[in-house]
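So the chains spell out like this:
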Amino acid sequence: GVTGLAGASSRTSPFSTRSEKIACAFPAAGALVASCQTQQQAAAAPRVAPTLATVDVLHAGVTVTRAAGATEEPTIVARLEQGGTVRTAPEGRAIVRTDDGIELRIAGDTEVRATESRVRVVRGRAFVSSWGADERTLEVGDGIVLTLGDAAFEAEVAPNGNVKVI
């Protein structure tokens, strides 16, 4: 604070730090620094990749791999990027909900991969549900494409590549 002579009132500066005093005295300099920080933050921000499904984790042991290769082990929810994968460990369980309305409840030891327009059960087992008359597509195994409307079934891809749809 500033103290005056005898009888004068005492004033306290509204600025608590030296940098606040400088920013107040030179507002253009403060704006320049803020602008530089914003440009640096924008350059460091990750690129937003297109996604096509939400992954809800039911039991630990779920890994989501982004299209660029980075992996995460979400505890609640994650988005599945085009070109990304979801893998469950033996004890892992998850629900993959595509933006167009397919729901896959995936069991342990299962892998689901996202393409540009649909998901594919690469290996393991998924319980698949779809509601409504709109057509949606799902790939099972290596190249088997199913067109769904209002449907519910189980799809399994064995380690040898054999596909079973029940």
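Visitor: Explain the overall build of the chain residue by residue, including any values.
Guide: For the chain, the count of helices and strands is two helices and 13 strands. Residues classed as buried in the chain amount to 31% of the 166 residues present. Once local pairs closer than 6 in sequence are excluded, the contacts in the chain between residues at least 24 apart make up 40%.

Visitor: Kindly report on the pairing of strand 8 (residues 111–114), identifying the contributing residues and their values.
Guide: Here three bridges tie strand 5 (residues 85–88) to strand 8, and the two strands are oriented antiparallel to one another. Its bridge partner lying in strand 8, Thr 85 is registered against Arg 113. Of the pairings in the sheet, the one linking strand 8 to strand 9 (residues 119–130) comprises four bridges and is antiparallel in character. The partner of Val 112 across the bridge, within strand 9, is Val 121. In sequence, strand 8 turns back onto strand 9 through a hairpin of four residues.

Visitor: Tell me about the nonpolar core, residues and numbers included.
Guide: Ranked by internal contacts, the top residues of the largest apolar core, which has 26 residues, are Leu 80, Leu 104 and Leu 138. Dropping the residues within four chain positions of it, Leu 138 is found in contact with Ile 102, Leu 104, Arg 118, Val 119, Val 128, Ile 144, Val 145, Leu 146, Leu 148 and Phe 153.

Visitor: I'd love a proper account of the pairing of strand 9, names of residues and values included.
Guide: Counting buried residues along strand 9, nine of its twelve residues qualify, which places the element largely inside the surrounding structure. Strand direction decides the pairing type here: strand 7 (residues 102–106) and strand 9, joined by five bridges, are antiparallel. By the bridge assignment for strand 9, Ile 106 is matched with Ala 126. Of the pairings in the sheet, the one linking strand 9 to strand 10 (residues 136–140) comprises two bridges and is parallel in character. Within strand 10, the position partnered with Val 121 by the bridge is Val 140. Alignment of strand 9 against strand 12 (residues 151–157), held across seven bridges, turns out to be antiparallel. For Ser 129, the partnering residue across the bridge sits in strand 12 and is Ala 152.

Visitor: Account for the confidence of the model for the chain, with residues named and values stated.
Guide: Averaged over all residues, the pLDDT of the chain equals 83, while 72% of them reach at least 70. In this model, residues 1–10 is a region of pLDDT below 50 whose contacts with residues beyond four sequence positions or in other chains number six contacts.

Visitor: Describe the environment of Glu 91, with residues and values.
Guide: Within the element layout of this structure, Glu 91 appears in the loop between strand 5 and strand 6 (93–98). In this structure the C-alpha to C-alpha distance between Glu 91 and Gly 61, which are 30 residues apart in sequence, comes to 6.2 Å. In contact with Glu 91, not counting residues within four places along its chain, are His 59, Ala 60 and Gly 61.

Visitor: Give a description of the side chain of Thr 85 that names residues and reports values.
Guide: If you trace the backbone, Thr 85 turns up in strand 5. Judged by relative accessible area, Thr 85 falls into the buried class, the value being 6%. For Thr 85, the side chain forms a polar contact with the side chain of Arg 87, separated by 3.2 Å. Among residues more than four places away in sequence, those in contact with Thr 85 are Thr 63, Val 64, Thr 65, Leu 80, Glu 111, Val 112 and Arg 113.

Visitor: Quick one: what's the story with a nonpolar patch on the surface, residue by residue and with numbers?
Guide: Together, Ile 144, Val 163 and Val 165 give the surface a local cluster of nonpolar side chains, amounting to about 200 Å² of exposed area. With respect to the secondary-structure elements, Ile 144 resides in strand 11 (residues 144–148).

Calculation rules
- Residues numbered from 1 in each chain as written.
- Predicted model: local features only at pLDDT ≥ 70, side-chain atom pairs only at ≥ 80, totals over all residues.
- Heavy atoms only, no water.
- Helix = DSSP H or I, 4+ residues; strand = E, 2+ residues; numbered from the N terminus.
- Buried < 20%, exposed > 50% of the residue type's maximum accessible area, 1.4 Å probe, protein only.
- Contact = heavy atoms within 4.5 Å.
- Pairing = 2+ DSSP bridges.
- Core = buried A, V, L, I, M, F, W, Y, C linked by side-chain atoms within 4.5 Å.
- pLDDT = per-residue confidence, 0-100.
- Polar contact = N/O pair within 3.5 Å; in protein donor to acceptor, adjacent residues only side chain to side chain.
- Patch = residues over 30% accessible without salt bridge, like charges linked within 9 Å, V, L, I, M, F, W, Y side chains within 5 Å.
- Areas by Shrake-Rupley, 256 points an atom, 1.4 Å probe, with all protein chains shown as cover.
- Salt bridge = Lys/Arg side-chain N within 4 Å of Asp/Glu carboxyl O.

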